[in-house]
Amino acid sequence: MFAVRSWYVPVVTRVRTTNPYVVDGALAVLVLFAASLQWLFPDEGDDPLSLVGWLLGAATAVPLLWRRRFPYACALAVSAATTAMAYHHAPPPDMLYGGLVVLYTMAARGLPWQRRSMLAGWLLGAVLTMQHKEHSEPFEYAFHVTGMICAYGLGVLARVQRAYTAAVEDRARRLERERAAETARAIAQERSRIARDMHDILAHAVSLMVVQAEAGPVVVRSDPDRAEAAFDAIAASGRDAMTQLRRILGVLKEEERRGGAVRLPQPDLAGLPGLVGQVAESTGLRVELSVRGQAARPLPPDTEVAAYRAVQEALTNTVKHAYASCAQVELDWAEDGLTLTVTDDGRGPAHTAGGHGLIGLRERAAACGGGAEAGPGPEGGFRVVVRLPASADREAALG
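Small disclaimer: the values here were computed from a predicted structure and weren't measured.

**Notes on the sheet that holds strand β1 (residues 286-293)**
Reasoning step 1: Taken in spatial order, the five strands of this open sheet run β1-β2-β3-β5-β4, and their pairing is mixed. If you trace the sheet from one side to the other, it starts and ends with β1 and β4 (371-376), each paired once. Between one strand and the next, the sheet's axes are offset by a mean angle of 10 degrees, whatever the strand orientation.
Reasoning step 2: For β4 and strand β5 (residues 382-389), the ladder comprises six bridges, and the chain directions are antiparallel.

Now the structure itself:
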């Protein structure tokens, strides 16, 4: 079986990829040759080959050249020529070669009503012709009818196979498009995440550096120690920003992934006291951190990163835009998750019209199944509220 398949498959593939007119032309020549055999080599009692008979035989073969482009018209032409050939000669053709080809073609390519009408017409025509022109034996009826039905059945199988192949190819194309779309979405999400991280890191570090750089020249003569501390804080902020950027950009380097390079962990809630202390030390802003509610508990890693970045972004906006003297960071633990509130006593909305920090903050919260709000505080200043659900609530929110 495997040996047969080894030569059968390449042959079928070669035929399918060949020019259709070449294949159908060879088929037409073969049909004409087969239809002429009974007159070229007549048995006793058969009519000899005549010009009219040969032309009628040719008329059953030549239309097969267009059997794929105009299947129904080809079938009508062959049917008409076969009928004329049968009534012109006595006896009719031994085998309806052209009829078998058009029945196969109609079953494979015709419309439903065309297929049914052509099969019924050929079966009825063959029976009537054998009955009134030749008075054939019963086995000849069965031979011709069975041959037609087999040719039609092969056409049906070819049509089903073609439809199945088309469906499989269409499904493969759709799966490929879906995979491409999923890959594009994953790339966009990863780029968005990296952009948010880089914004948070750079905005925070640059804000601290700007504050210190503005304070340095003022005190460089009156208080050299304080000026030196300011410049040290600028250097420390720059080094911290470079470290975090190196960690983020490391995920883009295949060499580091393959080499197993050591990366620092992403920030989490445990790093909030250090963040608050850094902001207070670097800018002079009084920042208070308080925790209330139920006992703190671990959250999913990306949720803890989102919480840290939310506080970082809120404090960065306070330093850059609010001109505040005090900021308060509150962590309110509840059974269903964590609520972060950052409030300052500045002069109003702590953001600029074209900024993307608060937009990124909302996107981070939404990616974790939570939400974020920002606006004027109840007693003035500006307030940022971020709600982050626990694991179960997060899955329900994202689902």
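**Quick look at the packing of helix α4 (residues 71-88) against helix α5 (residues 97-109)**
For any two helices packed against each other, the geometry comes down to the angle between their axes and how far apart the axes lie.
Reasoning step 1: Interaxial distance between α4 and α5 falls to 10 Å at its minimum, and their mutual angle equals 155 degrees. In terms of their interaxial angle, α4 and α5 are classed as roughly antiparallel. Crossing of α4 over α5 shows left-handed handedness. Residues Pro71, Tyr72, Cys74, Ala75 and Val78 of α4 pack against Gly98, Gly99, Val102, Thr105 and Met106 of α5.

**Points about α5**
Reasoning step 1: If you check α5, its first and last C-alpha atoms are 18 Å apart, about what 13 residues at 1.5 Å a residue would give, namely 18 Å.
Reasoning step 2: For α5, the complete set of buried residues consists of Gly98, Gly99, Leu100, Val101, Val102, Leu103, Thr105, Met106, Ala107 and Ala108.

**Things to note about helix α10 (residues 272-283)**
One turn of the α-helix equals 3.6 residues, which is why residues spaced by three or four share an orientation.
Reasoning step 1: Helix length check: α10, at 12 residues, gives a terminal C-alpha distance of 16 Å against a target of 16 Å (1.5 Å per residue), a fit within 8%.
Reasoning step 2: Among all positions in α10, only Leu272, Leu275, Val276, Val279, Ser282 and Thr283 are buried. In a view along the axis of α10, the buried residues occupy a sector of 145 degrees, so they form one face of it.
Reasoning step 3: Once α10 finishes, Gly284 follows within two positions and takes phi at roughly 80 degrees, a positive value.

**A look at the pattern of salt bridges**
Reasoning step 1: Per the counting criterion, the structure on display carries 10 salt bridges.
Reasoning step 2: Here Asp24 and Arg68 are joined by a salt bridge, their closest N and O atoms 3.2 Å apart. Of this pair, Asp24 sits in helix α2 (residues 20-40) while Arg68 sits in the loop between α3 (51-59) and α4, and the two are 44 residues apart along the sequence.
Reasoning step 3: Overall, Arg68 belongs to the partly exposed group, its relative accessible area being 28%.
Reasoning step 4: One salt bridge in this structure joins Glu373 and Arg387, with 3.5 Å as the shortest N-O distance. Placement of the pair is Glu373 in strand β4 and Arg387 in strand β5, with a sequence separation of 14 residues.
Reasoning step 5: Residue Glu373 is classed as partly exposed on the basis of its relative accessible area, which comes to 46%.
Reasoning step 6: Taking the relative accessible area as the measure of exposure, Arg387 reaches 40% and is therefore partly exposed.
Reasoning step 7: Among the ionic contacts, a cluster of salt bridges with common partners joins Asp24, Arg67 and Arg68.

Cut-off values and rules
Residues numbered from 1 in each chain as written. Predicted model: local features only at pLDDT ≥ 70, side-chain atom pairs only at ≥ 80, totals over all residues. Heavy atoms only, no water. Pairing = 2+ DSSP bridges. Helix = DSSP H or I, 4+ residues; strand = E, 2+ residues; numbered from the N terminus. Axes fitted to C-alpha atoms, helices over the stretch in contact; angles between N-to-C directions. Parallel < 35°, antiparallel > 145°, perpendicular 65-115°, else oblique. Left-handed = near helix turned anticlockwise from the far one by under 90°. Contact = heavy atoms within 4.5 Å. Expected span 1.5 Å × (residues − 1). Buried < 20%, exposed > 50% of the residue type's maximum accessible area, 1.4 Å probe, protein only. Arc of directions from axis to C-beta. Salt bridge = Lys/Arg side-chain N within 4 Å of Asp/Glu carboxyl O.

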